[in-house]
Amino acid sequence: MPLALLLSRIRLPPAAMPSTRSASSARLVRASRADANPVVREVKRESSVSFDISKPESPSVKRKRVKRELEENGEHPVKQVVPDIEDFRYDKTKALTSSIKVEKKARVSAVIKVGAPENWEAVLRGIKNMRLSGQAPVDTKGCEKAGSLLPPKERRFAVLISTMMSSQTKDEVTHAAVERLSENGLLDPDAIVRTDEAMLANLIKPVGFYQRKAQFIKEASKICLERFGGDIPDSLNELLALRGVGPKMAHLVMSIAWKNTQGICVDTHVHRISNRLGWVFREGTKQKTTTPEQTRMYLEKWLPKDEWEPINPLLVGFGQTICTPLRPKCDMCGITNLCPSAFKESSSPNPKQKKTRPP
């Protein structure tokens, strides 16, 4: 059989025979897809294109790079006028350092001394000379004399009780109340705690606000027993924590009982006389102080510390005898030539007489 006739009779399966129609169709589909998506076509054509997904430079790295490039080119970088946002980052170390500097500055400014008044030393010598007689009530019946014959521990307690009763009360009245407590064996914290409050108030009467003070004295006695073994507190803050004890009393107790003067004891006499002498002023003004505490703080700024303890009994006695609250005895005073208030209050008019009805 001829070879041509044999080949014509062999039938191949459809899958094995190439289809020109399907191949051409595939080429048309790919072409249409490429036309519909030009980006894909472009990417396929330009194989050199790449995507940079690395992190952008931080401002600090960028500044360093620019500065390095400028230096390599022989140029000097221009100083930045507007600070970068990185410059505002919180630096804990810098913040702590700055706060410490401010705090130290405040502490230093708080202890700056003010100028002492003119002729204050001559005024003080004159008052001391007038007080040599020792005839003022404070010299014999002040809080310093309370329990003077008792042992140290019992005397300290007597000083505390006497000081607590002295507020708005004359020295003679306070001294008499201390004597009555002593006669009844009540200059002892344990005895006071066991005593009825009404009885205690009756014994210290007529001390000013005696009922309230009796309550405070019982409370202080209990604290002395429970926390200090029957003794009194030995620090200013612990004394101030006792009800009925203010700054004046606390400083006085520290000076008398513990011989530890930490401040000036300013009562009504020291407050009044210091203002009359022009020794104290309100902060930043030339006006008189309005409270004993303002007076204390101003005095401590210029008065030498060795005068802090004796200034209280000195001016108290001066105020009890010569520089009295009403109609001071300027004609008997030896420092009128140095006192800016001399004779300004001594000529106060007499109190108005009661009007009498006509008959």
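Scroll up a little and you will see the structure.
Throughout what follows, the structure given in this document is the object of discussion. (Residues numbered from 1 in each chain as written. Predicted model: local features only at pLDDT ≥ 70, side-chain atom pairs only at ≥ 80, totals over all residues. Heavy atoms only, no water.)

Concerning the overall build of the chain
- Scanning the chain from N- to C-terminus turns up 17 helices and 0 strands.
- Counting only contacts in the chain whose residues sit at least 6 apart along the sequence, the fraction spanning at least 24 positions is 58%.
- Of the roughly 24600 Å² of accessible surface on the chain, a fraction of 56% belongs to carbon and sulfur atoms. (Helix = DSSP H or I, 4+ residues; strand = E, 2+ residues; numbered from the N terminus. Contact = heavy atoms within 4.5 Å. Areas by Shrake-Rupley, 256 points an atom, 1.4 Å probe, with all protein chains shown as cover.)

Considering empty space enclosed by the protein
- Within the structure shown, the criterion is met by 1 cavity of 30 Å³ or more.
- Taken as a whole, the largest cavity encloses approximately 120 Å³ of empty space.
- Phe318, Cys323, Cys330, Cys333 and Cys339 are, among the 14 residues lining the largest cavity, the residues nearest its centre.
- Partitioning the lining of the largest cavity into residue classes produces 11 nonpolar, 2 polar and 1 charged. (1 Å grid on protein atoms, 1.4 Å probe; cavity = no way out; pocket = protein on both sides within 12 Å on 5 of 7 lines; lining within 4 Å. Points joined across faces, edges and corners; volume = space filled by probe spheres on them. Nonpolar A, V, L, I, M, F, W, Y, C, P; charged D, E, K, R; others polar.)

So, helix α15 (residues 268–276)
- Most of α15 is tucked away: 8 of the 9 residues are buried.
- Within the sequence span of α15, burial applies to His269, Val270, His271, Arg272, Ile273, Ser274, Asn275 and Arg276.
- Lining the buried residues of α15 we find α16 (292–302) and α17 (308–321).
- The residue sitting at the N-terminus of α15 and contributing the capping side-chain oxygen is aspartate 267; that oxygen lies 3.2 Å from the backbone nitrogen of histidine 269.
- Looking one or two places after α15, you find glycine 278, whose phi comes out positive at around 70°. (Buried < 20%, exposed > 50% of the residue type's maximum accessible area, 1.4 Å probe, protein only. Polar contact = N/O pair within 3.5 Å; in protein donor to acceptor, adjacent residues only side chain to side chain.)

Focus: the environment of glycine 317
- By the element assignment, glycine 317 lies in helix α17.
- For glycine 317, a relative accessible area of 0% gives the class buried.
- When the C-alpha positions of glycine 317 and aspartate 139 are compared, they lie 7.2 Å apart, and in sequence the two are 178 residues distant.
- When near neighbours in sequence (up to four residues on either side) are disregarded, glycine 317 contacts Arg131, Ala136 and Val138.

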